[in-house]
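Observations on the three-dimensional arrangement
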Amino acid sequence: MFEPSIENNPMKIAIIGSGIAGLSASIRLRLKGYEVDVYEANEYPGGKLHAFSLGKYRFDGGPSLFTMPQYVEELFEQSGKVTEHYFNFEKVDEACTYFWEDKTVLSAKSDPQNFANEAARVLNYPASELMDYFDHIKNIYDHSASIFLEKSLHKSNTWLSKETLTALLKIRQYDLFKSMHHANMIRLGEPHLVQLFDRFATYNGSHPHKAPGILNVIPWLEHGFGTFFPKGGMEQIPKSLHRLAEELGVQFHFNSRVDQIILQNKKAIGVSVNGQEILAEKVVSNMDVFYTYRKLLLKSKAPEKILNQERSSSALVFYWGIKKEFKNLGLHNILFSERYKAEFDSIFNEGDIIDDPTVYINISNKLEKGDAPDGCENWFVMVNAPNHKNQDWNEISQRVKKAVIKKLNRILNTDIEPLIEEEKIWTPQGIEEDTLSHQGALYGNASNSQFAAFLRHPNFSSSIDNLFFCGGSVHPGGGIPLALLSGKITSEMI
Ligand SMILES: Cc1cc2nc3c(=O)[nH]c(=O)nc-3n(C[C@H](O)[C@H](O)[C@H](O)COP(=O)(O)OP(=O)(O)OC[C@H]3O[C@@H](n4cnc5c(N)ncnc54)[C@H](O)[C@@H]3O)c2cc1C
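Residues numbered from 1 in each chain as written. Predicted model: local features only at pLDDT ≥ 70, side-chain atom pairs only at ≥ 80, totals over all residues. Heavy atoms only, no water.

Things to note about the packing of aromatic side chains
We count it as follows: Pairing of aromatic rings covers Phe, Tyr and Trp, the last counted by its six-membered ring, and requires centre-to-centre distances within 6.5 Å; plane angles under 30 degrees mean stacked, over 60 mean edge-to-face, and any other angle means tilted. Strands are runs of DSSP state E lasting at least 2 residues, helices are runs of H or I lasting at least 4, and numbering of each runs from the N terminus. Under the scheme applied here, a residue whose accessible area is under 20% of the maximum for its type counts as buried, over 50% as exposed, and between as partly exposed, the area being computed with a 1.4 Å probe on protein chains only. As a reminder, the over-ring test applies to NZ of lysine and CZ of arginine, requiring each to be within 6 Å of the ring centre and within 35 degrees of the ring normal.
For the structure on display, the rule yields 30 aromatic pairs. Measuring from centroid to centroid gives 5.9 Å for F115 and F197, while their planes differ by 15°, and the two rings are stacked. Placement of F115 in helix α3 (residues 112-123) and of F197 in helix α8 (residues 191-198) is noted, with a sequence separation of 82 residues between them. Per residue, the accessibility class of F115 equals that of F197, and both read buried. Here a set of aromatic residues connected by ring pairs shows up, and it is made of F115, Y133, F134, F197, F200, Y203 and W220. Here K324 stacks its cationic end above the ring of F326, 4.9 Å away from the centre of that ring. Residue placement shows K424 over the ring face of F52; its charged tip is 3.8 Å from the ring centre.

Considering helix α14 (residues 393-412)
Quick reminder of the rule: One less than the residue count of a helix, multiplied by 1.5 Å, gives the span that helix is expected to have.
Between its first and last C-alpha atoms α14 spans 27 Å; for 20 residues at 1.5 Å apiece the expected length is 28 Å, and the two agree. Just downstream of α14, N413 is the residue with a positive phi angle, here 55°.

Things to note about the site of the ligand
The following threshold applies: Each residue is tested against the molecule or strand, and it is near if at least one of its non-hydrogen atoms lies within 4 Å. Any N or O atom pair separated by 3.5 Å or less is treated as a polar contact, with the protein-specific requirement of one donor-capable and one acceptor-capable atom, and with residues adjacent in sequence counted only for side-chain atom pairs. Using a 1.4 Å probe, the Shrake-Rupley method yields the accessible areas, and only the shown protein chains count as cover for residues.
Neighbouring the ligand are 31 residues, the closest being E40, K48, G472, G479 and I480. Within the side chain of N42, an N or O atom sits 3.2 Å from an oxygen atom of the ligand. Backbone polar atom of V258 to a nitrogen atom of the ligand: 2.9 Å apart, as the coordinates give it. Contact with the protein chains covers 96% of the free accessible surface of the ligand, which is 1000 Å². Sorting the residues of the shell around the ligand by element identifies α1 (20-31) and α16 (480-493) as the ones contributing at least two each.

A word on the side chain of E432
Threshold: Charged-residue counts in this description rest on Lys and Arg as positive and Asp and Glu as negative, His and the chain ends being excluded. We define a salt bridge as a contact between a side-chain nitrogen of Lys or Arg and a carboxyl oxygen of Asp or Glu at a distance within 4 Å.
Locating E432 in the fold gives a position in helix α15 (residues 428-435). The buried charged residue E432 lacks any salt bridge partner; its closest oppositely charged side chain belongs to K295, at an N-O distance of 6.9 Å. At 2.3 Å, the side chain of E432 and the side chain of Y291 are in polar contact.

As for the nonpolar core
Heads up, the condition is: Buried Ala, Val, Leu, Ile, Met, Phe, Trp, Tyr and Cys residues that are joined via side-chain atoms within 4.5 Å together make up what is termed a nonpolar core. Throughout, a residue-residue contact means that at least one pair of heavy atoms, one from each residue, lies within 4.5 Å.
The biggest cluster of nonpolar side chains holds 98 residues, and the ones touching the most others in it are L29, Y98, L130, F197, I237 and L241. At 8 residues, the largest contribution of residues to this core is made by helix α4 (residues 127-148). Non-local contacts of F197, meaning those with residues more than four positions away in its chain, are made with F115, L130, Y133, F134, M180, N184, L188, N216 and P219. Counting residues in hydrophobic clusters, the runner-up holds 27 residues, among them F99, I353, V381 and W393.

With respect to unusual backbone geometry
In this structure, the amide linkage connecting H475 to the following residue, P476, adopts the cis form with an omega of 0°. Of note, P476 is situated in the loop between β19 (467-469) and α16. The phi angle at K266 is positive, at roughly 60°, despite the residue not being glycine. For K266, the location among the structural elements is in the loop between β10 (258-264) and β11 (267-273). Its relative accessible area of 66% is what places K266 among the exposed residues. Phi is positive for L436, which is not a glycine, with a value near 55°.

Some thoughts on the side chain of T227
Mapping T227 onto the fold places it in strand β8 (residues 227-230). Polar side-chain contacts of T227 include one of 3.4 Å to the side chain of S110. If we ignore the near neighbours within four places in the chain, the residues touching T227 are L65, F66, T67, E90, K91, V92, E94, A95, S110 and E222.

Some words on the pairing of strand β17 (residues 377-385)
The line we're drawing: At least two DSSP bridges between two strands are required for those strands to pair.
Counted residue by residue, β17 has 9 buried out of 9 residues, so it is predominantly covered. Neither face of β17 is exposed, since E377, W379, V381, V383 and A385 on one face and N378, F380, M382 and N384 on the opposite face are all buried. Where strand β14 (residues 314-322) and β17 come together, 9 bridges link them in antiparallel fashion. Bridged to G321 within β17 is N378. Pairing geometry for strand β16 (residues 359-363) and β17, over 4 bridges, is antiparallel.

Section: the pattern of salt bridges
One pass over the full model with this rule turns up 25 salt bridges. Between K12 and D37 there is a salt bridge, with its nearest N and O atoms 2.8 Å apart. Residue K12 is located in strand β1 (residues 12-16), and its partner D37 is located in strand β2 (residues 35-39); the two are separated by 25 residues in the primary sequence. D37 sits in the buried class, given a relative accessible area of 7%. For the salt bridge of R58 with D371, the shortest nitrogen-to-oxygen distance reads 2.9 Å. Linking R58 in strand β4 (residues 57-60) with D371 in the loop between β16 and β17, this pair joins segments that are 313 residues apart in sequence. With relative accessibility at 11%, the residue R58 sits in the buried group.

Describing the sheet that holds β19
Applicable threshold: All axes here are fitted lines through C-alpha atoms, helices being fitted over the stretch that makes contact, and every angle between N-to-C directions spans 0 to 180 degrees.
Strand order across the open sheet formed by 5 strands is β9-β2-β1-β13-β19, with parallel pairing between neighbours. Strands with a single pairing partner mark the edges of an open sheet, and in this sheet they are β9 (251-253) and β19. Between one strand axis and the next, the sheet turns through 20° on average, direction left out of account.

See below:
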């Protein structure tokens with residue numbers, strides 16, 4: 001059983017924010033023997049990973065898809081705990097059910113061979129060709145993950161290792177200089193499959209016609225490692241990590257917004273919380289890096305080139321309590337737009353949402369019966385959305401709601417509006433305000449160029465000593481697995 005050795009190492013670390021990355025960093029730093037204090041503006045841990053109830057329905061507010069559970073398990077294992085005593089999850093056979101306007105419905109199985117068999121049955125696409133595609137993306141993962149995801153890209157030892165040099169020699173095979181869409185057109189060709197795999201650009205909030213083909217690795221996380229569902233819903237991820245961190249001795253301070261990082265001779269020496277100065281040997285910011293500079297480091301020179309990078313897309317979410325069960329829907333469902341490129345052009349170029357958006361529906365009570373009353377379903381209905389740049393979200397939400405309802409009625413052959421008995425809407429503006437994420441971006445910077453991975457902020461400050469960063473807005477990027485890894489990289493660096 002791990003015993004933190006604070007007597008031997010009384011160094012104090014202040015972490016700003018208890019998002020999933022802040023929780024990961026707090027546990028790892030505590031395990032190294034540091035005295036860790038986490039200051040969180042909200043009254044709960046988890047940031048974007050939060051939950052709420054509407055009447056008798058429970059909803060996860062942010063992420064709904066859980067991949068790479070090993071990064072959560074690792075935190076319990078390294079603490080000498082049995083994961084199942086804190087956190088339980090199950091593997092899901094069906095990754096997603098896809099619907100097209102031409103009435104094609106494809107159940108994408110988590111397992112690649114089952115997926116390929118299903119694609120052969122529904123789309124008449126040779127299973128062996130889809131298996132070749134999976135082999136290709138597995139190869140990208142095997143050669144690139146440990147470099148791009150598990151190490152700092154801003155330390156020379158990452159670049160001088162044999163593993164990195166071998167990977168760099170193979171980079172042309174990874175479609176780095178083609179877009180995801182272009183690579184999928186060449187490798188798959190079949191329009192439904194191209195759209196299906198293009199869709200993974202949204203997993204880091206990017207445009208499939210601009211994001212580099214190397215990002216076609218993303219579906220490997222889902223189909224190589226599988227998709228999972230936490231018992232009790234997504235909220236159990238931060239809740240269980242918060243419990244673990246507290247048991248290890250991490251101190252949490254909720255309703256405690258940090259208003260300044262205190263500097264002395266270009267060194268971080270603490271934080272100011274609600275006007276009170278708290279000294280610390282090192283400061284880790286899990287706050288969006290943009291606002292860390294713009295709000296907490298007003299007197300320091302900010303890395304403008306990095307901060308001015310294009311941000312990832314945001315989301316418009318409708319949480320609906322639906323008083324009916326839909327047997328043809330699964331845990332994750334996608335109803336595709338017929339104008340997929342126009343949808344992303346509108347998001348990234350015009351700051352708007354087209355009138356036939358792709359609709360994602362997550363229904364957690366398919367697996368967690370208590371999340372909705374009998375005979376009912378809790379629908380998390382999400383549409384990809386532009387960044388918040390002072391649009392009128394009230395007008396856009398109402399317009400998009402009508403378009404979504406029309407699409408659902410058409411594809412599911414139903415009349416959905418009278419079935420909605422509870423509703424809440426989360427707009428990009430709300431996401432920005434509730435999680436202090438610049439422009440409501442879900443995943444920090446967009447990956448709309450080959451160089452995006454190198455233009456994320458490092459996990460440390462090169463101009464301020466003892467200041468570190470973790471979270472979706474810095475290396476290696478957004479999404480639960482990467483945010484957990486950023487906490488790991490940061491703590492290893494410290
Ligand atoms: C609608 C939606 C759907 C998503 N879907 C998925 C999905 O299905 N799968 C997936 O893997 N990812 C998904 N994501 C992305 C994922 O939620 C994020 O990448 C991840 O949760 C980011 O974690 P984080 O630790 O970087 O930051 P955050 O969750 O943003 O946490 C930052 C924390 O810092 C706190 N904070 C900020 N400033 C201060 C301050 N000055 N003082 C004190 N505290 C402060 C905030 O209150 C917040 O709690 C989704 C996100 C959203 C919003």
